[in-house]
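# Structure assessment
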Amino acid sequence: MKFTLSWLKHHLDTQATLDEIVYALTDLGLEVESIENPVERLAAFTIGKVLHAEKHPDADKLRVCKVATDEGELQIICGAPNARTGITVVVAKPGTYVPGIDTTIGVGKIRGIESFGMMCSEREMEMSDEHDGIIELPSGEVGQGFADWLAEHQPERVDPVIEIAITPNRPDALGVEGIARDLAARGLGTLIAREVEPVPASFTSPVTVTIDDDTLDGCPLFCARLIRGVRNGPSPKWLQDQLRAIGLRPISFLVDVTNFFTYDRNRPLHVFDADKVAGNLRVHRAQGGETILALDDKEYSFQPGQMVISDDTGPESIAGIMGGGASGCTEETVNVLVESACWDPVQIAYAGRALKINSDARYRFERGVDPAFTPVGLEHAVRMIVDHAGGEVSEMITAGAIPDTDRAYRLDTKRVESLVGMEIPAPTQRATLEALGFRLDGDMAHPPSWRPDVQGEADLVEEVARIASLTKLEGKPMARAGAGVPRPVLTPMQLREAAARRMIAALGYNECVSYSFIDQATAALFGGGSEATRLENPISSEMSHMRPTPLPGLLQAAARNQARGFADLALFEIGPAFSGGEPDEQRQLACGILVGTTGPRDPHGARRPVDLFDAKADIEAVLAAIGAPAKVQIRRDVPAWLHPGRAGAICLGPKNVLGYFGELHPKVLNALDVKGPAMAFSIELAAIPFARAKGTGRPALDMAGLQAVDRDFAFVLDADIEALSVVNAAAGADKALIVEVRVFDEFHGARAEAQMGAGKKSLAITIRLQPKDHTLRDEEIEAVNRKVIEAVSKATGGTLRG
């Protein structure tokens, strides 16, 4: 929305500066996007007087001029045909930037004679396209700023142009009067009431207007007046200047009047050449297939149900959007039918989008135009036309009625203060709403007809707050709920998530944040994709279901990175997973993937492909960091998205699964276009029991004062016996003394079978005994050794290797 400062002052009596107005507009919610201030562009130009001019000795079309300026007499070479002695001119001295030629003036020689500046034309200063000669001023003092002279004698030439962004809920600000009303309510001036005296009717219009019954919901009111004997032609200079300033091209007086009121009062109008209208006008819905050549010289075909204004021969206008070329006004128009109608915003928006037409009328009608101003706006336009172009006017033609927009909401002044957070006296609140056009009846506020956005008590609070200015809010610390140190605000689960995030990042993983929506096929790979997790209104077909785990997003990120040459990846995400649409069917998972190798190539050959034991080590580190019990079980029964035999489930019992780790199934990697193998882990954060003790202090440090004893064992086992079975059996042999059991060697393969028999292997473990009250004697150590051998033999059938 563009307007000039002088146009604003046509509706607002104010002494505020441009800067004050611009600041207030943005603070009121009418954000200023740009300011075009000609004064800034012309500030360096001054007025001079040509004291003497003579022909250049080496050029027929150049003249050597002596020019009086504020810096004394300057010699300037000029090629303008009107450069002569005695004229008052505009001077650009050395160092001045001339926008029209994009040049900074310097001292130079022209055909051997020095020139110390330039005398400017209007085009060189971007004031107009005039460049036949330099500017000749009728008055002005030497050294006076040219911008100051324009402000005094031709203020429209230095009128600042302001452009503001209008949000869809503020259609009233699409008129200069509406902007002035907001500024007046803020206290930057007084709103000037622009009343109109209707032009007396001289005859009854031979043209009538009807609205079909099925169209009244889209056009509740249609008003028009016929003017005979107008003299159409160029608009007055002030009107042309106003339109040009905001980027509109003056066409003819009748058309310019409609454009003026579109921006001045947010009242789009249309003018029909009455002599080109056959019979009467009818507002109706299109059957479909009708065509019209519009004012933009394009032909449009109506779809069924779109609103049309037709005469007896066919469509004459696209209702509320654009007029037809056949009945448009020209310089020869003498009889004009001026139309002002009220249109339904939603139906205008649908029609405009379907026809792909963007016009000022559509832009305003689809946001909402004041229905009560429909006949009044028509009277304003008719008065301007008659005052400037003459003619006699018919009685008003009216079809339909003004829609009833009256509604009321309670103004609770104390509630307003509570919500806004600052003291605004009740009389000030009431005065604010009245200044904005609200009618107050006790505590009930009736919004004006031009404010369709006010739909509740909350909107009253917003109006009071924005006029009072939220910049006046003072920051105040929140009062403590109780005395002493505040209670922790993070829940135990939030603290657990933070600890997991820190640990996974410390292990070298990069965090990802992916969508919780995935496609059905991908969800099915991870046990999801059911109807219970399908979205009713998905963003796209690739986001149709809630994810059963964050792993698909991580694998998709890995595929994108691999496609761009990044093969070694460690990614993780902590986020929700869904098994259904109910609140209790959502859980929080911590997931990570490893793809590629363990690190870059090095001369020591330490680089190797990642394997399931990397994932196992990482998940154990994370579980330890978030307080999971140290002694857990690892089972083989894993989900289908993990590789059978190369994955495990970490459990606290047969039913409490803490997480999974291992190699991802090849079919999953192929489906997601990931070059494998790839390892993954997934932790059920809520499955880990919280500590029973809730004290803030740490437990006492339990350090043994006696030296630990390590003993090594090598067992001959069947080749299919898991190492974990041996470790668990040894650890349970003497829970009081054995504090650690660790595998340190495995001997298997053909050589092992040659020594120990077919289907056999050797597994070596070390155990650590930690005495508590005395140093262990040899017989005590031997007793533990016998218990370990017995426990392992019983659990696995293994024997001690000789």
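Our subject is the structure that appears above.
Quick summary incoming for the structure in this document. The model shown is predicted, which means the values in this text are computed figures rather than measured ones.

Basis of the calculations
Residues numbered from 1 in each chain as written. Predicted model: local features only at pLDDT ≥ 70, side-chain atom pairs only at ≥ 80, totals over all residues. Heavy atoms only, no water. Helix = DSSP H or I, 4+ residues; strand = E, 2+ residues; numbered from the N terminus. Rg over C-alpha atoms; globule rule 2.2 N^0.38 Å. Buried < 20%, exposed > 50% of the residue type's maximum accessible area, 1.4 Å probe, protein only. Contact = heavy atoms within 4.5 Å. Areas by Shrake-Rupley, 256 points an atom, 1.4 Å probe, with all protein chains shown as cover. Lys, Arg positive; Asp, Glu negative; His and termini not counted. Charge placed at Lys NZ, Arg CZ, Asp CG, Glu CD. Salt bridge = Lys/Arg side-chain N within 4 Å of Asp/Glu carboxyl O. Patch = residues over 30% accessible without salt bridge, like charges linked within 9 Å, V, L, I, M, F, W, Y side chains within 5 Å. Phe/Tyr/Trp six-rings, centres within 6.5 Å; stacked < 30°, edge-to-face > 60°. Axes fitted to C-alpha atoms, helices over the stretch in contact; angles between N-to-C directions. Parallel < 35°, antiparallel > 145°, perpendicular 65-115°, else oblique. Nonpolar A, V, L, I, M, F, W, Y, C, P; charged D, E, K, R; others polar.

## With respect to the overall build of the chain
Helix and strand content of the chain: 21 helices and 43 strands. Whereas a compact globule of 802 residues would reach a radius of gyration of roughly 28 Å, the chain reaches 43 Å, over 25% beyond that. Oriented by its inertia axes, the alpha-carbon framework of the chain measures out at about 125 × 80 × 60 Å. Every one of the 802 residues in the chain was classed for burial, and the buried ones make up 48%. For the chain, long-range pairs separated by at least 24 residues make up 68% of all intrachain contacts whose partners lie at least 6 apart in sequence. If you sum the accessible surface of the chain, you get close to 40500 Å²; carbon and sulfur atoms cover 51% of it. Distance between charge centroids for the chain: 9 Å, based on 83 positive and 112 negative side chains.

## Describing the pattern of salt bridges
Counting across every chain of the model gives 45 salt bridges. With a closest N to O distance of 2.9 Å, R466 and D182 form a salt bridge. Linking R466 in helix α13 (residues 457–468) with D182 in helix α5 (residues 176–186), this pair joins segments that are 284 residues apart in sequence. Using a relative accessible area of 1% as the deciding quantity, one classes D182 as buried. Here K760 ties to D718 by a salt bridge, and the two come within 2.6 Å at their closest N and O atoms. With K760 in strand β42 (residues 760–769) and D718 in strand β40 (residues 709–718), this pair connects stretches of sequence that are 42 residues apart.

## Regarding a nonpolar patch on the surface
Among the surface-exposed residues, V489, L490 and L495 lie close enough to one another that they form a single nonpolar patch of about 310 Å² accessible area. In this structure, L495 sits in helix α14 (residues 492–506).

## A closer look at the packing of aromatic side chains
This model, assessed by the stated rule, comprises 8 aromatic pairs. The interplanar angle of 0 degrees and the centroid separation of 5.3 Å between the aromatic rings of W7 and F260 together place this pair among those described as stacked. Taken together, the residues span a long stretch of sequence, with W7 in helix α1 (residues 5–9) and F260 in helix α7 (residues 253–264) at a distance of 253 residues. Residue classification places W7 among the buried residues on the basis of a relative accessible area of 0%. With 5.7 Å between their ring centres and 90 degrees between their planes, W238 and F260 make a pair best called edge-to-face. Taken as a pair, W238 in helix α6 (residues 237–245) and F260 in helix α7 lie far apart in primary sequence, 22 residues in all.

## Here's the deal with the packing of helix α2 (residues 18–27) against α5
Helix-helix packing: each pair is described by the crossing angle between the helix axes and the interaxial distance. The interhelical angle for the contact between α2 and α5, taken along N-to-C directions, is 95 degrees, at an axis separation of 10 Å. Judged on the interaxial angle alone, α5 and α2 are roughly perpendicular. Where α2 abuts α5, its residues I21, A24, L25 and D27 lie against I179, L183 and R186. Per-class residue counts for the contact of α2 with α5 are 5 nonpolar, no polar and 2 charged.

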